[in-house]
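Analysis of the macromolecular model
Chain by chain, the residues run as shown.
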Amino acid sequence: MGFIGWIVIGIIAGWIAEKVMGRDHGLLTNLAVGVVGALLGGFLAGLIGIGSGGFVMSLFIATAGAILLLFLLGLVKRRRA
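Throughout this description, residue numbers start from 1 for each chain and increase along the sequence as written. For this predicted model, a pLDDT threshold of at least 70 governs which residues receive local features, and a threshold of 80 or more governs which side-chain atom pairs are given and counted, while totals over whole chains, interfaces and linings are taken from all residues. Side-chain numbers here rest on the full set of heavy atoms in the structure, without hydrogens or water.

**Here we look at the packing of helix α2 (residues 27-47) against helix α3 (residues 54-80)**
Working convention: axes come from line fits to C-alpha atoms, limited for helices to the stretch in contact. Angles between N-to-C directions cover 0 to 180 degrees. Under the scheme used here, helices are H or I runs from DSSP no shorter than 4 residues and strands are E runs no shorter than 2 residues, and both carry numbers assigned from the N terminus. Direction vectors running N to C along α2 and α3 enclose 105 degrees, while the axes themselves pass 6 Å from each other. The orientation of α2 relative to α3 falls into the category roughly perpendicular. Between α2 and α3, the residues in contact are Val33, Gly34, Val36, Gly37, Ala38, Leu40, Gly41, Gly42, Leu44 and Ala45 and Ile61, Ala62, Gly65, Ala66, Leu68, Leu69 and Leu70, respectively. Residues are grouped as follows: Ala, Val, Leu, Ile, Met, Phe, Trp, Tyr, Cys and Pro are nonpolar; Asp, Glu, Lys and Arg are charged; all remaining types, including Gly, are polar. For the contact of α2 with α3, the residue count by class is 12 nonpolar, 5 polar and no charged. Note on angle classes: values under 35 degrees are labelled roughly parallel, values over 145 roughly antiparallel, values of 65 to 115 roughly perpendicular, and the remainder oblique. In this description, contact between two residues means that some pair of their heavy atoms is separated by no more than 4.5 Å.

What follows is the structure, encoded as structure tokens:
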């Protein structure tokens, strides 16, 4: 998958994670959350032996990572407040 494909997956994954977690971010934040979530999800999927096969699986892994990232950020924010 090319660079543009990863950008598209990042935006979609960030948007889905935003909706699942009940947050309201902008396009750039969704992109950042989606890309970092994709890295996190890909790392964790690799640890447990799940390979990414195609667009749908890549989107699923990126979205799961983005949701996990937003969850962890929420815990950190709550603890600091």
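Okay, back to it.
**A word on a nonpolar patch on the surface**
Like-charged residues within 9 Å of one another, or nonpolar side chains (Val, Leu, Ile, Met, Phe, Trp, Tyr) within 5 Å, are grouped into patches, provided each residue has over 30% relative accessible area and no salt bridge. Residue exposure ignores everything except the shown protein chains as possible cover, and the areas themselves are Shrake-Rupley values with a 1.4 Å probe. A carboxyl oxygen of Asp or Glu within 4 Å of a side-chain nitrogen of Lys or Arg is what we treat as a salt bridge. A grouping of Phe43, Leu44, Leu47, Ile48, Ile50, Leu68, Phe71, Leu72 and Leu75 is seen on the molecular surface, where their side chains present a nonpolar patch of about 830 Å² in accessible area. Of all the secondary structure elements, the ones that give two or more residues to the nonpolar patch are α2 and α3. Sort the elements by how many residues they give to the nonpolar patch and α3 lands first, with 4 residues. Summarising the element assignment, Leu72 is placed in helix α3. On the basis of relative accessibility, which here comes to 39%, the residue Leu72 falls in the partly exposed class. Three exposure classes are used, based on accessible area relative to the maximum for each residue type with a 1.4 Å probe and protein chains only: buried under 20%, partly exposed in between, and exposed over 50%.

**Some points on the pattern of salt bridges**
Note that side chains of opposite charge can pair when their charged atoms are close. This model, assessed by the stated rule, comprises 1 salt bridge. Two residues, Glu18 and Lys19, come together in a salt bridge whose shortest N-O distance is 3.7 Å. Its relative accessible area of 47% is what places Lys19 among the partly exposed residues.

**Description of α2**
Side chains three or four residues apart in an α-helix point the same way, a direct result of the helix having 3.6 residues per turn. An ideal rise of 1.5 Å per residue puts 30 Å on 21 residues; α2 measures up with 30 Å between its terminal C-alpha atoms. Regarding α2, the residues found buried are Asn30, Val33, Gly34, Gly37, Ala38, Gly41 and Ala45. The arc enclosing the buried residues of α2, seen along the axis, measures out at 145 degrees, which places them on a common side. In α2, the exposed positions angled more than 90 degrees off the buried face are occupied by Leu28, Leu39, Phe43, Gly46 and Leu47. Contacts made by the buried residues of α2 are with α1 (3-21) and α3. One less than the number of residues in a helix, times 1.5 Å, gives the span that helix is expected to have. The arc in question is the one spanned by the directions pointing from the helix axis to the C-beta atoms.

By themselves, these are just geometric observations and shouldn't be taken as functional.
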